[in-house]
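Each chain, letter by letter, is given below.
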Amino acid sequence: QVQLVESGGGLVQPGGSLRLTCAASGFSMNSFGVSWYRQAPGKERELVAFISNTGDNTNYADSVKGRFSISRDKALNTVYLQMNSLKLEDTAVYYCKAEVQIFSAITYWGQGTQVTVSS
């Protein structure tokens, strides 16, 4: 069974840190580019960070540059999102997406993990 499972969300104070994990099962994520998205209540889902299949290329939304870091561990079939200096506006459900383009796009989404930044 193909699955992406996010974990590591929770409640944190402003300025704090969390590390989110996106673990793949039922397939190897090593050929896939992986993205983290987030969706706050009443807002559209937005791209937060991306890492290429090789791990050589990463991209970040302007709102998280310098605070968030995406990485992957191919041996563990896992992608991480390290989030530092968290702000109230980082509160959202965070989703990971794995995608590869061969003849057509193959895309998998996780179920999401809640991150709440509050004092």
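Here, the structure is the one placed above.
A few points on the structure. Computed from a prediction, not measured in an experiment: that's the story for all the values here. Within each chain, residue numbers correspond to sequence positions counted from 1 in written order. Totals for whole chains, interfaces and linings use all residues, but because this is a predicted model, local features are given only for residues with pLDDT of at least 70 and pairs of side-chain atoms are given and counted only at 80 or more. Values shown for side chains rest on all heavy atoms present in the structure; no hydrogens or waters enter the calculation.

The aromatic pairing rule takes the rings of Phe, Tyr and Trp, using the six-membered ring of Trp, and pairs them if the centres are within 6.5 Å, calling planes under 30 degrees apart stacked, those over 60 edge-to-face and the rest tilted. If you walk through the whole model with that rule in mind, you get four aromatic pairs. Ring centres 4.7 Å apart and planes at 50° place the aromatic pair F27 and Y108 in the tilted group. Linking F27 in the loop between strand 3 (18-25) and strand 4 (33-39) with Y108 in strand 10 (residues 105-109), this pair joins segments that are 81 residues apart in sequence. Summarising the aromatic geometry, the rings of Y37 and W109 are spaced 5.0 Å apart at their centres and angled 55° between planes, so their arrangement reads as tilted. Here W109 lies in strand 10 and Y37 lies in strand 4, a separation of 72 residues in the sequence. The criterion for a charge sitting over a ring is simple: Lys NZ or Arg CZ within 6 Å of the ring centre, and within 35 degrees of the ring normal. Note that R19 overlies the ring of Y80, its terminal NZ or CZ placed 4.2 Å from the centroid. For R45, the ring lying beneath its charged end belongs to Y95, and the centroid distance is 3.8 Å. Each helix is a run of DSSP H or I of at least 4 residues and each strand a run of E of at least 2, with the numbering of both proceeding from the N terminus.

Strand pairing is assigned whenever DSSP detects at least two bridges linking the two strands. Taken in spatial order, the four strands line up as 1-3-8-7 in an open sheet, and their pairing is antiparallel. Two strands bound the open sheet, and with one partner strand each, they are strand 1 (3-7) and strand 7 (68-73). Neighbour-to-neighbour, the strand axes of this sheet turn through a mean angle of 15°, independent of strand direction. Alignment of strand 3 against strand 8 (residues 78-83), held across six bridges, turns out to be antiparallel. Each residue of the ladder has a partner; that of C22, found in strand 8, is V79. Axis angles are defined between N-to-C directions and span 0 to 180 degrees, where every axis is a line fitted to C-alpha atoms and, for a helix, only to the segment in contact.

Bringing the pairing of strand 11 (residues 113-117) into the picture now. Exposure classes here rest on a 1.4 Å probe applied to the protein chains alone. A residue is buried below 20% of its type maximum, exposed above 50%, and partly exposed in between. With burial as the criterion, only one face of strand 11 is covered, namely that bearing T113, V115 and V117; the residues Q114 and T116 on the opposite face remain uncovered. In this sheet, strand 11 lies alongside strand 2 (residues 10-12) in parallel orientation, the contact comprising three bridges. Looking at strand 11, one finds that L11 is bridged to T116. Alignment of strand 9 (residues 92-101) against strand 11, held across three bridges, turns out to be antiparallel. In the strand pairing of strand 11, A92 is matched with V115.

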